[in-house]
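# Per-entry structural report
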Amino acid sequence: MASQVLGLEEETGPNPGESELAVNPFDGLPFSSRYYELLEQRRSLPVWAARFIFLEQLESSPSGVVLVSGEPGSGKSTQIPQWCAEFVLARGFQKGRVTVTQPYPLAALSLALQVADEMDLTLGHEVGYSIPQEDCTGPDTLLRFCWDRLLLQEVASTRGTGAWGVLVLDEAQERSVASDLLQGLLRDARLGNLPGDPRVVVVTDPALEPKLQAFWGNPPIVHVLGETGRCPTPVYRDTVPTDRVEAACQAVLELCRKEAPGDVLVYLPSEEEISLCCESLSRDGGSLEDQGPPPRVLPLHPGCGQAVQAVYEDVESGARKVVVTHWLADFSFSLPSIRHVIDSGLELRSVYNPQIRAESQVLRPISKCQAEARRLRATGILPGSCLCLYPKSFLELEAPPLPKPRVCEENLSPLILLLKRRQIVEPGECHFLDRPAAPGFTRPPLCAEEAALRRALEHVDGDHSSLIQVYEAFIQSGADKAWCQARGLNWAALYQAHKLRGELLELMQRIELPLSQPAFGSEQNRRDLQKALVSGYFLKVARDTDGTGNYLLLTHKHVAQLSPYCCYRSRRAPARPPPWVLYHSFSISKDNCLSIVSEIQPQMLVELAPPYFLSNLPPSESRDFLNQLREEMADSSTGSESPSTQELGDACVLQ
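Residues numbered from 1 in each chain as written. Predicted model: local features only at pLDDT ≥ 70, side-chain atom pairs only at ≥ 80, totals over all residues. Heavy atoms only, no water.

### Description of the overall build of the protein
Each helix and strand in the protein was counted, giving 24 helices and 23 strands. By residue count, 48% of the 655 residues in the protein fall in the buried class. Counting contacts in the protein only where the partners sit at least 6 residues apart, residues at least 24 apart contribute 73% of the total. (Helix = DSSP H or I, 4+ residues; strand = E, 2+ residues; numbered from the N terminus. Buried < 20%, exposed > 50% of the residue type's maximum accessible area, 1.4 Å probe, protein only. Contact = heavy atoms within 4.5 Å.)

### Describing the pairing of strand E12 (residues 321-325)
Two faces, one strand: in a regular strand the side chains alternate between the faces of the sheet. Most of E12 is tucked away, with 5 of its 5 residues classed as buried. Covered by surrounding structure in E12 are Lys 321, Val 323 and Thr 325 together with Val 322 and Val 324, the residues of both alternating faces. By the bridge criterion, 4 bridges tie strand E10 (residues 263-267) to E12 in an arrangement that is parallel. Opposite Val 264, over in E12, you have Val 322 as the bridge partner. With 5 bridges connecting them, strand E11 (residues 296-300) and E12 associate as parallel partners. Its bridge partner lying in E12, Leu 300 is registered against Thr 325. (Pairing = 2+ DSSP bridges.)

### Digging into the nonpolar core
Counting 72 residues, the largest nonpolar core has Phe 54, Val 68, Ile 80, Cys 84, Phe 145 and Val 201 as its most contacted members. Setting aside residues up to four positions removed in sequence, Phe 54 forms contacts with Val 66, Val 68, Ile 80, Trp 83, Cys 84, Val 201 and Val 222. Listed in part, the 32 residues of the second largest apolar core include Cys 146, Ala 178, Leu 212 and Leu 418. (Core = buried A, V, L, I, M, F, W, Y, C linked by side-chain atoms within 4.5 Å.)

### Description of the side chain of Gln 102
On the secondary structure map, Gln 102 appears in strand E2 (residues 97-102). The buried category is assigned to Gln 102, whose relative accessible area is 1%. A polar atom in the side chain of Gln 102 sits 2.7 Å from the side chain of Asp 170. Setting aside anything within four residues of it in sequence, one finds Gln 102 in contact with Ala 107, Ala 108, Leu 111, Cys 146, Trp 147, Asp 148, Asp 170, Glu 171 and Ser 332. (Polar contact = N/O pair within 3.5 Å; in protein donor to acceptor, adjacent residues only side chain to side chain.)

### A short note on the packing of helix H16 (residues 463-476) against helix H18 (residues 491-510)
Running from N to C, H16 and H18 cross one another at 90°; their axes reach a closest spacing of 11 Å. If you check the angle between H16 and H18, you find them roughly perpendicular. Contacts between H16 and H18 involve Val 470, Tyr 471, Phe 474 and Ile 475 from the former and Trp 491, Leu 494, Tyr 495, Ala 497, His 498 and Arg 501 from the latter. Classifying every residue of the contact of H16 with H18 by side-chain character gives 8 nonpolar, 1 polar and 1 charged. (Axes fitted to C-alpha atoms, helices over the stretch in contact; angles between N-to-C directions. Parallel < 35°, antiparallel > 145°, perpendicular 65-115°, else oblique. Nonpolar A, V, L, I, M, F, W, Y, C, P; charged D, E, K, R; others polar.)

### A short note on unusual backbone geometry
Backbone geometry at Arg 175 places phi at a positive 60°, although glycine is not the residue there. For Phe 333, which is not a glycine, the phi torsion comes out positive at approximately 60°. By secondary structure assignment, the location of Phe 333 is in the loop between E12 and strand E13 (338-343). On the basis of relative accessible area, Phe 333 is assigned to the buried category, the value being 7%.

### Here's the deal with the sheet that holds strand E19 (residues 551-553)
Taken in spatial order, the 5 strands close into a barrel running E18-E19-E20-E22-E21, and their pairing is mixed. Strand-to-strand twist of the sheet, defined as the mean angle between neighbouring strand axes without regard to direction, takes the value 50°. Against the sheet, helix H19 (residues 523-537) touches strand E18 (541-544), strand E21 (580-587) and strand E22 (593-599), its axis set at about 50° to E21.

### Overview of empty space enclosed by the protein
What the rule picks out here adds up to 5 cavities of 30 Å³ or more. If you add up the space inside the largest cavity, you get close to 70 Å³. Every residue along the wall of the largest cavity is listed here: Asp 461, Ser 465, Leu 529, Gln 530, Leu 533, Val 534, Leu 582, Ser 598, Glu 599 and Ile 600. Those elements that provide at least two residues to the lining of the largest cavity are H19 and E22. (1 Å grid on protein atoms, 1.4 Å probe; cavity = no way out; pocket = protein on both sides within 12 Å on 5 of 7 lines; lining within 4 Å. Points joined across faces, edges and corners; volume = space filled by probe spheres on them.)

### Focus: the sheet that holds E11
If you walk across this open sheet you meet the 6 strands as E9-E16-E13-E10-E12-E11, and the pairing is parallel. Each edge of the sheet is formed by a strand with only one pairing partner; in this case those strands are strand E9 (234-236) and E11. Strand-to-strand twist across the sheet, computed as the mean angle between neighbouring axes with direction ignored, equals 20°. Taken strand by strand, helix H10 (residues 244-258) contacts E10, E12, E13 and strand E16 (385-388), and its axis lies near 155° from that of E13.

Given below as structure tokens:
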């Protein structure tokens, strides 16, 4: 067992008085007195009780994977990397070094500084970090903290695992794109088949433990108990304040006036609000002179750089620290001195919309997992408090259970290029904890054979009929995943369509609607399908005004083009674009796109659209044309029975 081999000073080391005899095994120098001070603090962390269990599992795991599950603030991010360094030291450095990933560059920098201090080593030598525009490592670096996206780029540029023997994927519950993809690549690579006997440690919050356990195939799990101190009961506000910054500042000042001991952690949604809060507290802190020195107000966000270490420093004057942050400190940056938490319950995130190829700032509720992590920040021996600037119902009704995976919210174009660089030409071949949404992960045809297979599924009547044809072929294939993969089709989406169709059929039978077989492809079926589409989507009609594919939307006069994935665009020798089309969705972007498009005849639109439709269209040449067509059709059909009346008794058809 690794724990029996090590015999390092962390567990049975000498007393501080014998420090001149104790030598640091990583650099060969005597330990300093500060090392022993920090060692006592490390031994008091909740994670310390799991040290030997972790090392044993790391040594004996059949798959090479160990899952560590524990609450924020238990010491996982600082201690697990040091134990992995001990494990590698026991191997004599012959099987790679230790790399620890973090979802944020600032977290990687901060942990490297803290761990180097705890290990009594020089930053940049035995312990280092790699973040954008800064590589503080050297040839002797044994333990490296790294932004996960940089490591992903390194892995994509090399064969195998790279220069590490133990990889620690920390804060997996943050669900960063790079962390999720690294797990997918490592799972597909099968660690047992790679040279050097590598190990992977996945560190997560308990909320994500079941999902990770299933993803990795039930690896050994090391559970870390939480703090043993008092955990505060949240106090909720009756209403959401109109001014979050002002409400947070008043709550901080009230805590200071009560002289409640301990530092304060304030969560606001954005960096702008963090700056406003810090300015306001610094300005109003002078009014607290009667209660002692004014509080030291510190921002904590990605723009802080190395100044972030100020949140860990002791204040000599005895002043209270007030750290103002956002989602960055939900799981990272454990601060032992925090006893009071003020939570706005919101976060501002950049979310990419692949339909319009644009990124937007979305203000939304945090997840229940994040809210619990924030509350636990105030756990300690001394009594603490957690003030939520929102009603309890706000969290229960609007907050999702877990943070949304970033792989479903970011622009994945760089990800797809990275997979190609890794020679994974089929992104669908890579496993994900949560597969990206289809619009953001659509894979174009990559070879002539696949293009031909997909083209064979297209229907002359347009995208709607093509989708039906794809579904019919999917059912005929026996819902075969390999069949879908060969054509670049989403098996999960098609299977979901199959389930929904079954539910719809059951509903129609329950209410005793007369049913008939669809006879897909027959002339009557084609016309019935077009009529059904026009009857339901008459508000989504566009006309090609100049014969070049510039479509004017009838209802609001926007101009758009057909989507690159439209069947009319993918034909080998495209004829003139359809003059009139019905579309399923319209996306505003640099090139406005109409998606899922089928050609229609204007006569059918006039026949089936409600009377108010034409009269309420904005003035245009198209409206005049349709009104004129309606008058002509009215004259020619005088005295004849309406087609809809003739077909009133027809049975329902479910495609």
